[in-house]
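As a plain string of letters, each chain reads:
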Amino acid sequence: MTTRNEPVDYIERTREQYAALGYPAYRWVESREPTPWKSLEKPLSQSRVAIVASGGVYKREQIAFHYRDDTSFRIIDSDTPNADLRATHFAYDLTDARRDPSCVFPLDTLRHLAKGGVIGETAPRAFSFMGGIYSTRKVRELLAPAIAERLIADQVDLALFVPV
Amino acid sequence: MSLSSAYSITRSVRPPRAVFLDFPLGHTAGKPGEPELNRDILADALAAFETIDQPGMIVTLPYVWSDDDGWKGRALRETSASAPQDGRNARTATPQYQCEDDAVAAAEAPACASCVWLESS
């Protein structure tokens with residue numbers, strides 16, 4: 001049997017990389033306050049599920065993300081086929097995400113699970129932005145509340161965040 | 001709930017619920033061209049909504065990327081001591097389309113109502 005290695009420690013790797021490049025150390029988010037918690041109100045099989053993803057996916061005809069602290073987001077209707085989805089991001093290898101957007105934006109996957117009864121239904125809209133926003137304050141105070149407001153408006157039961 | 005392929009970052013951020021998939025960056029939700037595998041992954045991830053019973057818990061999924069873990073040694077190591085290199089793209093403030101055709105399609109489409117800006121650029 002093959003021995004599995006520990007997960008890659010990206011915090012440590014980034015520290016090494018930044019030091020080698022002579023950059024100041026990257027300051028990772030460290031949450032200290034108690035983690036918020038809400039119990040499920042209904043079973044998964046009856047829940048409306050939304051995807052919120054930070055892999056830089058946009059839909060054809062939408063304006064693409066730019067690579068300098070872009071705090072904007074894209075609303076993607078849940079019936080959008082994978083063929084209309086695109087991926088752009090400054091910091092990860094996009095080869096596979098462009099070949100199959102489900103790698104970072106599992107909307108098509110979620111639709112199949114809804115059809116199979118695993119979840120109640122797919123929320124009407126998914127939300128997409130491009131990570132690598134260096135201001136955590138902007139994410140916390142601008143971006144997250146703007147998306148949360150729409151998730152509430154869509155009466156979403158469960159939100160699945162898919163970072164890259 | 002967060003579905004993540006970066007364990008240490010997720011542990012530091014501490015989302016209420018998290019599922020860890022030990023795949024390379026850019027594959028948080030699965031592999032290209034493997035819809036059945038990706039459905040299994042997502043179904044198992046979503047099941048954690050019902051099994052995680054305390055805030056901050058991270059459930060590790062059993063899927064493995066390949067027979068060997070060689071990719072882990074290479075991740076984020078474009079930099080060598082002799083030739084330091086930042087493997088990322090330049091941080092420009094113009095839209096970065098996947099292909100030129102997308103730029104044309106966006107220019108011809110009506111003003112994007114589904115593009116939401118939170119800051120004036």
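An account of the accompanying structure is given in this report. Counting of residues starts from 1 at the beginning of each chain's written sequence and follows it residue by residue. Lettering for chains starts from A, numbering for ligands starts from 1, and both go in the order in which the items are written. Where totals are concerned, whole chains, interfaces and linings use all residues; where local detail is concerned, this predicted model gives features only for residues with pLDDT of at least 70, and gives and counts side-chain atom pairs only at 80 or more. The basis for every side-chain value is the complete set of heavy atoms in the structure, and neither hydrogens nor water enter the calculation.

### Remarks on the overall build of chain B
Per the convention used, a helix needs a DSSP run of H or I reaching at least four residues, while a strand needs a run of E reaching at least two, with both numbered from the N terminus. When helices and strands are tallied, chain B shows four helices and four strands. Taken over the C-alpha trace, chain B has a radius of gyration of 19 Å; the compact-globule value for 121 residues is 14 Å, which it surpasses by more than 25%. The principal-axis extents of the C-alpha atoms in chain B amount to approximately 45 × 45 × 30 Å. Across the 121 residues that make up chain B, the buried fraction comes to 41%. In this description, contact between two residues means that some pair of their heavy atoms is separated by no more than 4.5 Å. Within chain B, residue pairs in contact and separated by at least 24 positions form 49% of the contacts whose partners lie at least 6 positions apart. The protein chains shown are the only cover counted for residues, whose accessible areas, like all others here, come from Shrake-Rupley with a 1.4 Å probe. Carbon and sulfur atoms make up 51% of the accessible area of chain B, which totals about 6,100 Å². The charge count includes Lys and Arg as positive and Asp and Glu as negative, but it does not include His or the ends of the chains. Where a charge sits is defined by one atom per residue type, namely NZ (Lys), CZ (Arg), CG (Asp) or CD (Glu). Placing the 10 positive and 17 negative side-chain charges of chain B at their respective mean positions leaves the two points 10 Å apart. All radius of gyration figures rest on C-alpha atoms, and the globule criterion is 2.2 Å times the number of residues raised to 0.38. Summary of the burial criterion: residues with accessible area below 20% of their type's maximum are buried, those above 50% are exposed, and those between are partly exposed, where the area comes from a 1.4 Å probe applied to protein chains only.

### Concerning the packing of aromatic side chains
Each pair of aromatic rings taken from Phe, Tyr and Trp, with Trp reduced to its six-membered ring, is defined by centres within 6.5 Å and is described as stacked if the planes are under 30 degrees apart, edge-to-face if over 60, and tilted in the remaining cases. Following the criterion strictly, the structure yields 10 aromatic pairs over all chains and no others. For the ring pair Y58 of chain A and Y97 of chain B, a centre distance of 6.0 Å and an interplane angle of 80° mean the geometry is edge-to-face. With Y58 of chain A in strand β2 (residues 57-59) and Y97 of chain B in the loop between α3 (70-74) and α4 (100-108), this residue pair bridges two chains. Look at F129 of chain A and F161 of chain A: their rings are 6.2 Å apart centre to centre, the planes differ by 5°, and that puts the pair in the stacked class. Of this pair, F129 of chain A sits in strand β6 (residues 125-129) while F161 of chain A is found in strand β7 (residues 158-162), placing the two residues 32 residues apart along the sequence.

### Some remarks on the state of the cysteines
Residues and elements named next belong to chain B. The criterion for a disulfide is a pair of cysteine sulfur atoms lying within 2.5 Å. Throughout the structure, instances matching the rule amount to one disulfide over all chains. Disulfide pairing is shown between C112 and C115; the S-S distance is 2.1 Å. An S-S torsion of about 75° defines the bridge between C112 and C115 as right-handed. C115 provides the cysteine sulfur closest to C99, a residue in no disulfide bond, and the two sulfurs are 16 Å apart.

### Thoughts on the interface of chain B and chain A
How large an interface is tends to be reported as the accessible area lost when its parts come together. Residue-level contacts link 84 residues of chain B with 84 residues of chain A. Summing the contributions of chain B and of chain A, the shared interface buries around 7,200 Å²; its carbon and sulfur component is 57%. Between Lys or Arg on one side and Asp or Glu on the other, a salt bridge is scored when a side-chain nitrogen of the former is within 4 Å of a carboxyl oxygen of the latter. Counting across the chain B and chain A interface gives three salt bridges. Among the ionic pairs, R86 of chain A bridges to D102 of chain B, the shortest N-O distance being 2.9 Å. Counting only elements with at least two residues in the side of chain B that touches chain A, the list comes to β1 (2-4), α1 (7-13), β2 (17-20), α2 (35-51), α3, α4 and β4 (115-116) of chain B. Put simply, buried area is how much 1.4 Å-probe accessible surface two parts lose in total, over both of them, once they are put together.

### A word on the environment of I75 of chain A
Locating I75 of chain A in the fold gives a position in strand β3 (residues 73-77). Each C-alpha atom of the pair I75 of chain A and A20 of chain A lies 38 Å from the other, and the pair is 55 residues apart in sequence. For I75 of chain A, the contacting residues outside a window of four places in its chain are Q62, R125, A126, F127 and R150 of chain A together with S114 and V116 of chain B.

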